[in-house]
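# Observations on chain architecture
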Amino acid sequence: MSCSGDCCQNTWCLASVSLEAPRPPHGLCPHSGAARALVHSWPSAQVHAGPAGWWGQGRGLPWETGVGFFPDPAAGAAWAGLPGRCLDTSTLTDVTHFPGAGVEDDRGPSQQGAERQSPWTPRPGPILRCSLLWLRTWAADTFTAWCNSHLRKAGTQIENIDEDFRDGLKLMLLLEVISGERLPKPERGKMRVHKINNVNKALDFIASKGVKLVSIGAEEIVDGNAKMTLGMIWTIILRFAIQDISVEETSAKEGLLLWCQRKTAPYKNVNVQNFHISWKDGLAFNALIHRHRPELIEYDKLRKDDPVTNLNNAFEVAEKYLDIPKMLDAEDIVNTARPDEKAIMTYVSSFYHAFSGAQKAETAANRICKVLAVNQENEHLMEDYERLASDLLEWIRRTIPWLEDRVPQKTIQEMQQKLEDFRDYRRVHKPPKVQEKCQLEINFNTLQTKLRLSNRPAFMPSEGKMVSDINNGWQHLEQAEKGYEEWLLNEIRRLERLDHLAEKFRQKASIHEAWTDGKEAMLKHRDYETATLSDIKALIRKHEAFESDLAAHQDRVEQIAAIAQELNELDYYDSHNVNTRCQKICDQWDALGSLTHSRREALEKTEKQLETIDQLHLEYAKRAAPFNNWMESAMEDLQDMFIVHTIEEIEGLISAHDQFKSTLPDADREREAILAIHKEAQRIAESNHIKLSGSNPYTTVTPQIINSKWEKVQQLVPKRDHALLEEQSKQQSNEHLRRQFASQANIVGPWIQTKMEEIGRISIEMNGTLEDQLSHLKQYERSIVDYKPNLDLLEQQHQLIQEALIFDNKHTNYTMEHIRVGWEQLLTTIARTINEVENQILTRDAKGISQEQMQEFRASFNHFDKDHGGALGPEEFKACLISLGYDVENDRQKQTGSMDSDDFRALLISTGYSLGDAEFNRIMSVVDPNHSGLVTFQAFIDFMSRETTDTDTADQVIASFKVLAGDKNFITAEELRRELPPDQAEYCIARMAPYQGPDAVPGALDYKSFSTALYGESDL
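All of these numbers come straight from a predicted model, not from anything done at the bench.

## Let's talk about the environment of V371
Position of V371 relative to the elements: it lies in helix α12 (residues 341-404). By relative accessible area, which is 1% here, V371 ends up buried. The sequence separation of V371 and T953 amounts to 582 residues, and the corresponding C-alpha distance is 9.9 Å.

## Notes on the sheet that holds strand β8 (residues 971-972)
The antiparallel open sheet is built from three strands, whose spatial order is β8-β10-β9. Strand pairing shows two members of the sheet lacking a second neighbour, β8 and β9 (993-994), which therefore form its edges. As paired strands, β9 and strand β10 (residues 1004-1006) are joined by two bridges and run antiparallel to one another. Opposite P994, over in β10, you have L1005 as the bridge partner. Where helix α33 (residues 1007-1014) meets the sheet, its contacts fall on β8, β9 and β10, and the angle it forms with β10 comes to roughly 30°.

## Description of the pattern of salt bridges
Taken as a whole, this structure holds 51 salt bridges when the rule is applied. A salt bridge links R426 to E817, with the shortest nitrogen-to-oxygen separation between them at 1.9 Å. Of this pair, R426 sits in helix α13 (residues 412-453) while E817 sits in helix α24 (residues 816-847), and the two are 391 residues apart along the sequence. Residue classification places R426 among the buried positions, given a relative accessible area of 7%. Measuring nitrogen to oxygen at the nearest pair gives 3.9 Å for the salt bridge that ties R820 to E817. Here the residue R820 and the residue E817 both occupy positions in helix α24, the gap between them amounting to three residues, near one helical turn. Per residue, the accessibility class of R820 equals that of E817, and both read buried.

## Observations regarding the packing of helix α4 (residues 169-179) against helix α5 (residues 192-208)
Where α4 contacts α5, the two axes come as close as 8 Å, and the packing angle between them is 25°. Considering their axes alone, α4 and α5 lie roughly parallel with respect to each other. Like other packed secondary-structure pairs, α4 and α5 cross with a definite hand, here left-handed. Along its contact with α4, which presents L169, L171, M172, L175 and S179, the element α5 presents N198, V199, K201, A202, F205 and I206. The residue makeup of the contact of α4 with α5, split by class, is eight nonpolar, two polar and one charged.

## Re the confidence of the model for the chain
Caution is warranted with low-pLDDT regions, since their predicted coordinates should not be read in detail. Per-residue pLDDT for the chain has a mean of 75; in total, 77% of the residues score no lower than 70. In the predicted structure, residues 1-136 sits below a pLDDT of 50 and forms 288 contacts with residues beyond four places in sequence or in another chain. Here residues 609-613 is modelled with pLDDT under 50, and outside its nearest four sequence neighbours on either side it reaches 17 contacts, counting other chains as well.

## So, helix α9 (residues 283-292)
With seven of 10 residues buried, α9 is to be regarded as a mostly interior element. By the burial criterion, the buried members of α9 are L283, A284, F285, N286, A287, L288 and I289.

## Remarks on the packing of aromatic side chains
For any pair of aromatic rings, geometry is given as the distance between the ring centres together with the angle between the planes. Counted according to the given criterion, the structure contains 28 aromatic pairs. Aromatic side chains W259 and Y352 sit 5.0 Å apart centroid to centroid with 85° between the ring planes, which places their arrangement in the edge-to-face category. Of this pair, W259 sits in helix α8 (residues 252-264) while Y352 sits in helix α12, and the two are 93 residues apart along the sequence. With respect to burial, W259 and Y352 carry one shared label: buried. Taking 5.6 Å as the distance between ring centres and 70° as the angle between the ring planes, the aromatic pair formed by F285 and F315 counts as edge-to-face. Of this pair, F285 sits in helix α9 while F315 sits in helix α10 (residues 307-321); the two residues are 30 residues apart in sequence, bridging distant segments of the chain. Through successive ring pairs, a cluster of aromatic residues spans F275, W279, F285, F315, Y347, F351 and F355. The aromatic ring of W515 is capped on one face by K519, whose charged end is 4.9 Å from the ring centroid.

What counts, and at which threshold
Residues numbered from 1 in each chain as written. Predicted model: local features only at pLDDT ≥ 70, side-chain atom pairs only at ≥ 80, totals over all residues. Heavy atoms only, no water. Helix = DSSP H or I, 4+ residues; strand = E, 2+ residues; numbered from the N terminus. Buried < 20%, exposed > 50% of the residue type's maximum accessible area, 1.4 Å probe, protein only. Pairing = 2+ DSSP bridges. Contact = heavy atoms within 4.5 Å. Axes fitted to C-alpha atoms, helices over the stretch in contact; angles between N-to-C directions. Salt bridge = Lys/Arg side-chain N within 4 Å of Asp/Glu carboxyl O. Parallel < 35°, antiparallel > 145°, perpendicular 65-115°, else oblique. Left-handed = near helix turned anticlockwise from the far one by under 90°. Nonpolar A, V, L, I, M, F, W, Y, C, P; charged D, E, K, R; others polar. pLDDT = per-residue confidence, 0-100. Phe/Tyr/Trp six-rings, centres within 6.5 Å; stacked < 30°, edge-to-face > 60°. Lys NZ or Arg CZ within 6 Å of the ring centre and 35° of its normal.

Written out as structure tokens, the structure reads:
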């Protein structure tokens, strides 16, 4: 704009300030003498009428002094304090636009009435206060708010734009904040020269950014020249807020306008064509906010005919939620025909930068969310592995002591209960744990694959929870299980033996105790002192018979002692009572021996006095006593318990029993002979009229006893026959069970072995695509699972064998334990092979490896896997790398010539490659981190895919965090919660270490160390 009067040559005329406003149709220079002094652009100014002219004062203008318009230039200059200075009337509006509105007159009513007829005639004394802004423009308020929006980042602000920048300190601080660069150290002195130097440093910095400053010097800024200060601030706004805006090869003002048009195009009643009247109704501001943050504005409820509400709504939302300070006044915009363009541009540029930063932050947040989502999923899998491993190891830890418990039970029933518990463990408790162990290995392999694909370090489980630890624990469990089963069977056999021996001991002890009953009293009887000679002779013979009987019982006593000794050696639970009873028998036997010897001496002493003896009775006694002992032994044998485990053993007992039965006719003849002796003695006594005293004086074995025992033997023989036949039938049934189990086991065992070999061949050949291989393996797995009923049938047969207490089977080399272990290994092997193919598919898809590359990798791997073991040694692995064209350089001189005769050396010579030891050792540390000396196919695929693909890096994540942090070296919890989803924001806050840099603020977090830790470059 330009002045329309004669004052245009004056440098202080406001026409030189680039503040554009609509030029009023009646605008006049105050030097023309016109009395128009109302300004349409500043509604809050007060206009006063005085005797020398019109003058105004108010807030809102970009300078501090009052401004006046006078008919007499000298009077105006005297008021303004500056000679010949005037205001360009291009910013004025004819007062006739506001006739009588808001005018106060300090004269009387008559004078007021006269003035109403000619309101613009200057008269002495009137003071008019119009609700118009006169002294300051929008630019000053807008620029002040813009400056404070940046200065508050440094903890300060300004109140008066042309005063607070005079010492240059806040001006330099403002430039440092908006540029992000350090300016030279300011001077802290209060003298004018210090202030000029500080301002010059700021102006030099502006000029270094390619900005040409015209007529703006440090002295004007230090002197508080409002025009120059505003011009400088506008230059700064253009350079740092608007110049960098670029939309489709347009920049600065055009670019900002095009951006506004693009963003508001879909909204009704919005047509942005400029930076003044297009924004008056406030809809454009609301549309910008709604386009980027629709949750903040209810656009459909806004009305075009309510601009003040629209503008205030946009300003309040921007200040509250977008951190954009309120730079404009709604009523000023509405009441102005043409709002100030620079103020609108400054405010709108804040929206551009706010939303542009939000877009970058959203991109950065998406990257971080992706990385954190992968990391959180991996941590979830790690936690699941740790939990499952802990549960399985805890189960193994609890189970092994139970299996290693070798405390024997007292009875066979209790040991059989322990065996039943062990069967329940094998059938019910162990199979789910086998599945858990297999699933744990699969989960571990899948987790390691995902970690490798996401460029994360390999997962190292907690100490003691490695897969190898679980396998070691499982091996210990199976060893304890095998030993426990063997111990149970041995204990059952031992208890059976103990029960048999204990029963045998009781029977023999009872027979012996029955025989010795009364013997001690008889030996102590002194009847020979009053006996006749014949009686003495009889007593002597009787005693001889007793000694014969005593000798016959010596074997039984020795047998009783031997059985007691064996029970002690076998740790019989009731050994104490057995030993007590045995000791009592032995003590009694010793006493009987001593008494027998004493009685014999007494009888022999009186033998000379006794001459007669009945030889027949003696012969009877001598033959009846052994025969009686034979019958007692026979009855004892016929009633003896027997335990056999094979058909051969029972047939041996039957044969021995048949031999015993063959001796019965001879025994019967001996019985008849003994009875004949007794009958002959009776016949002689009767024939010789000898009165017998009663029973045979030489023995207590009467014919009745012999006949009674003989009848008992005759009754026991068929019972023994029946028992032996029953046992024979039982052993025949057991033999049938053995053959039945062996027949099924000899089918299932080789089938499992054949399937294991077929899986080994399939895992090596791997024909077709990975999907075809996976489908084939799963069909193969279903065929294996369908074979499970055969295993169940074998389990049922094995159950019958165990219930029959059959402990061996000569018809097969397979035990149920072998079959179970083979079946578990078969299931584990097919599951592991399927998992390897799935991981190969996952690797191929994630790394972009073609099917041809996978087949080439498999062919090379199989070629050098000479033993088909599924893993390569270091030399085989090196040869495989070279065959694929992978060249590992060595920092030493390359080696050529004759080498070893293995595959690697031959291949190395034939291809002309050379592998450096240092580089190869580095590769081996990647593919074999546990230093096992073997490289699996999965590790080989991971290495080859990692060499041909790229993934996210820690530097990319750090760059994304820096965007969210506003280019700071740290980030705050508030910024994380604002930019990231709640769960991932809290995840970062919980794991980020406090930032310790020199520019740290309270609550600052170190995102750099956190990012490197995500990729294993530091500890998280």
